[in-house]
Amino acid sequence: MAASAGEGHVPPKELAAVMNSDEKLLWFDHPGAGAFAVTRLKSLMMSVPFFAFSYIWFNVFLKPDMPEYMGILGYVFIAFGTWHVLVPVWAFLVARLFMYYAITDKRLIILQFYPRKKLIPIELRDVVNILHIKGANKSGTLIIEVADLHNKKNTTEGQFVKAVGTFYGVRNAERVEAAINQLRSQIQGMGKPGGPPIKKKK
C-alpha cells in the first residue's frame, strides 16, 4: 500500500510497501553499519577450526601418494573458514544498503529487504521498555521490549518483558528514544497519536 509521510519525510519504496495507507512516517534511517556488523563478530571465532582443519589436512594427513582429489577436502575447510570471516563484512553491507529502521505514528518497523525480506513490526502501544546502550558521537543501540508473562526478566516496575527488536547504532539515539516514548504516552491516552517528526542531523 502507498504510505503517507510526516513533514519532509518521503518513505523509500521498500518502506512504503510495508506501511499501511493510514500510517504516517515520522523518521527512518539505516542501522549503524559498524554496530550491526559487531553483532556478527562471533562468526570470526567459527572460522578458526575450519582454517585449523585445513592446515592439519594439508600438512599432516595428506600424503604425496594420495590421489589428487583428496586435497579437495582441505579447500572445503578453507572455503567454510573464509565464509565465516566474510559474515561481518556482509552484515556491514546489508545494514548500510538493505535495511531500514522507521517510526510511524503507530509502529516501529525493522525492515531488511535484501537478499531476503525480513520485517519486524512493533506496535507502539505494546512497548513497555527501551534499553539504551550508548555509542560514540550520540549514536546508540535501542533494544525494544514488550510485555511477556512467560519471561523471567523484569523491568524496574516489576513487569515481565522480552526483547522483540533492536535498533543498532542509530544516530541521535537519545532523540529517537525520546520520540518513541512521547508517541507511547500519546497513544496510551495523553493525547492523539502522532507528534512531530524527528529531524535527522545533517
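Provided above is the structure to which this section pertains.
Think of each chain on its own: its residues are numbered from 1, step by step along the sequence as written. Where local features are concerned, this predicted model is filtered to residues with pLDDT of at least 70; where side-chain atom pairs are given and counted, the filter is 80 or more; whole-chain, interface and lining totals use all residues. In computing side-chain properties, one takes all heavy atoms of the structure into account and sets aside hydrogens as well as water.

Undergrad: Where do I start with the sheet that holds strand β8 (residues 161-170) in this structure?
TA: DSSP-based pairing: two strands are paired if at least 2 bridges between them are found. Each helix corresponds to a stretch of at least 4 residues labelled H or I by DSSP, and each strand to a stretch of at least 2 residues labelled E; elements are numbered beginning at the N terminus. The sheet built from three strands is open, its strands ordered β6-β7-β8 with antiparallel pairing. On the outer flanks of this sheet lie β6 (127-134) and β8, each paired with one strand and no other. Across this sheet, the average inter-strand angle for adjacent strands is 20 degrees, counted without regard to direction. Bridge count between strand β7 (residues 140-147) and β8: seven bridges; the pairing is antiparallel. Residue Gly140 lies in a different strand from β8, and its bridge partner there is Val170. Here an axis means a line fitted to C-alpha atoms, over the contact stretch when the element is a helix, while the angle between two N-to-C directions is reported on a 0 to 180 degree scale.

Undergrad: Would you mind going over a positive patch on the surface with me for this structure?
TA: Note on patches: the residues involved have over 30% relative accessible area and no salt bridge, like charges join within 9 Å, and the nonpolar side chains Val, Leu, Ile, Met, Phe, Trp and Tyr join within 5 Å. All accessible-area figures derive from a Shrake-Rupley calculation using a 1.4 Å probe, and residue coverage is judged against the displayed protein chains alone. Criterion for a salt bridge: a side-chain nitrogen of Lys or Arg within 4 Å of a carboxyl oxygen of Asp or Glu. By the counting scheme adopted, Arg and Lys are positive, Glu and Asp are negative, and His together with the chain ends is not counted. In plain terms, the charge of a residue is placed at NZ if it is Lys, CZ if Arg, CG if Asp and CD if Glu. Positive charge collects at one region of the surface, where Arg40, Lys42, Arg116 and Lys118 lie side by side. Relative to the helices and strands, Lys42 is located in helix α3 (residues 42-61).

Undergrad: So what exactly am I meant to see when it comes to the packing of aromatic side chains here?
TA: Describing an aromatic ring pair means giving the distance of the ring centres and the angle of the ring planes. Centres within 6.5 Å make a pair out of two Phe, Tyr or Trp rings, where for Trp the six-membered ring is used; the pair is then stacked when the planes are under 30 degrees apart, edge-to-face when over 60, and tilted otherwise. Inspection of the entire model under this criterion finds 10 aromatic pairs. For the ring pair Phe36 and Tyr168, a centre distance of 5.7 Å and an interplane angle of 70 degrees mean the geometry is edge-to-face. Here Phe36 is found in helix α2 (residues 33-38), whereas its partner Tyr168 is found in strand β8, with 132 residues between them in sequence. On the basis of relative accessible area, Tyr168 is assigned to the partly exposed category, the value being 23%. Summarising the aromatic geometry, the rings of Phe53 and Phe77 are spaced 5.6 Å apart at their centres and angled 50 degrees between planes, so their arrangement reads as tilted. A residue pair is termed long-range when its members are at least 10 positions apart, and Phe53 in helix α3 and Phe77 in helix α4 (residues 72-97) qualify at 24 residues. For each residue, the accessible area found with a 1.4 Å probe, counting protein chains only, is set against the maximum for its type, and the residue is called buried under 20%, exposed over 50%, and partly exposed in between. Owing to a relative accessible area of 45%, Phe53 belongs among the partly exposed residues under this scheme. For Phe77, a relative accessible area of 19% corresponds to the buried category. Joined through ring pairs, the aromatic side chains of Phe28, Trp90, Phe98, Tyr100, Phe113 and Tyr114 make up one cluster.

Undergrad: Help me out: how do you make sense of the nonpolar core in this one?
TA: Side chains of a nonpolar character, in soluble globular proteins, are inclined to be buried together. The nonpolar core is taken to be a set of buried Ala, Val, Leu, Ile, Met, Phe, Trp, Tyr and Cys residues, with the residues joined through side-chain atoms within 4.5 Å. Ranked by internal contacts, the top residues of the largest apolar core, which has 26 residues, are Leu108, Leu142, Phe167 and Ile180. When near neighbours in sequence (up to four residues on either side) are disregarded, Leu108 contacts Ala102, Ile103, Ile120, Pro121, Ile122, Leu124, Val127, Ile144, Phe167 and Ile180. Val18, Met19, Phe28 and Ile109 belong to the second-largest nonpolar core, a separate cluster that totals nine residues. The criterion used for residue contact is that any of the two residues' heavy atoms lie within 4.5 Å.

Undergrad: Honestly, the pattern of salt bridges in this entry has me stumped. Any pointers?
TA: Should the charged atoms of two oppositely charged side chains come close, the side chains can pair. For the structure shown, the criterion picks out five salt bridges. In this structure, Glu23 engages Arg107 in a salt bridge whose closest nitrogen and oxygen atoms are separated by 2.8 Å. Of this pair, Glu23 sits in the loop between α1 (13-16) and β2 (24-29) while Arg107 sits in strand β4 (residues 107-112), placing them 84 residues apart in sequence. One exposure class covers both Glu23 and Arg107, and it is buried. We note a salt bridge from Asp29 to Arg171, for which the minimum N-O separation is 2.7 Å. Linking Asp29 in strand β2 with Arg171 in the loop between β8 and α5 (173-190), this pair joins segments that are 142 residues apart in sequence.

Undergrad: When you look at α3 in this model, what are you seeing that I'm missing?
TA: An α-helical turn contains 3.6 residues, so any two residues separated by three or four positions project in the same direction. When the terminal C-alpha atoms of α3 are compared, their 29 Å separation across 20 residues agrees well with the 28 Å that a helix rising 1.5 Å per residue should span. Considered for burial, the residues of α3 that qualify are Ser43, Ser47, Ser54 and Trp57. The buried residues of α3 all sit within an arc of 85 degrees when viewed along its axis, so they share a single face. When the buried face of α3 is taken as reference, the exposed residues oriented beyond 90 degrees from it are Lys42, Met45, Tyr55 and Asn59. Multiplying 1.5 Å by the residue count of a helix minus one yields the expected span of that helix. Starting at the helix axis, one direction is taken to each C-beta atom, and the arc is that of these directions.

Taken by themselves, the reported measurements are silent on function.
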